[in-house]
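Each chain, written out:
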Amino acid sequence: VQLQASGGGLVQAGGSLRLSCAASGRMFSSYGMGWFRQAPGKAREFVAAINWSSGNTAYADSVKGRYAISRDNAKNTVYLQMNTLNAEDTAVYYCAASRRYSASWSGLAERYDYWGQGTQVTVSS
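Residues numbered from 1 in each chain as written. Predicted model: local features only at pLDDT ≥ 70, side-chain atom pairs only at ≥ 80, totals over all residues. Heavy atoms only, no water.

**Let's talk about the pairing of strand E1 (residues 2-6)**
For a regular strand, side-chain orientation follows a simple rule: the groups alternate between the two sheet faces.
Step number 1: Residues Leu-3 and Ala-5 point to one face of E1 and are all buried, whereas Gln-2, Gln-4 and Ser-6, pointing to the other face, are not buried.
Step number 2: Inspection of the sheet shows E1 paired to strand E3 (residues 17-24) by five bridges, in the antiparallel sense. The residue of E3 that forms the bridge with Gln-2 is Ser-24. (Buried < 20%, exposed > 50% of the residue type's maximum accessible area, 1.4 Å probe, protein only. Helix = DSSP H or I, 4+ residues; strand = E, 2+ residues; numbered from the N terminus. Pairing = 2+ DSSP bridges.)

**A few points about unusual backbone geometry**
Step number 1: Even without being a glycine, Asn-76 presents a positive backbone phi close to 55 degrees.
Step number 2: Summarising the element assignment, Asn-76 is placed in the loop between strand E7 (67-72) and strand E8 (77-82).
Step number 3: On the basis of relative accessibility, which here comes to 18%, the residue Asn-76 falls in the buried class.
Step number 4: With a phi angle near 50 degrees, Thr-84 is a residue other than glycine that sits in the positive phi range.
Step number 5: With respect to the helices and strands, the residue Thr-84 is situated in the loop between E8 and strand E9 (91-98).
Step number 6: Judged by relative accessible area, which is 48%, Thr-84 ranks as partly exposed.

Encoded structure:
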């Protein structure tokens, strides 16, 4: 599976962006998709995840209520709608895929098998 992330850019505080992550190759029902981000000088952190089959979602507390993850199974694509952005959201955003996804560890980067190249999101204050 190869992942291609897109949709990043520069946005003013309070604005919105939608990231996309297109997956090539077959996505099985056991898969899950996640978004992580890494700001300069900081560790990579979990943002959101979705069960490819059920559509159940999980979010980091820092983005809950502002971000929404969704997927389009027909297009093999996962989305991250980001609203009410602030400067702390500035980071490189990565999408990832897990072959055997479980909600119990959806936030653990080491449980994901495939990673996209990242897309930069910059929020100006």
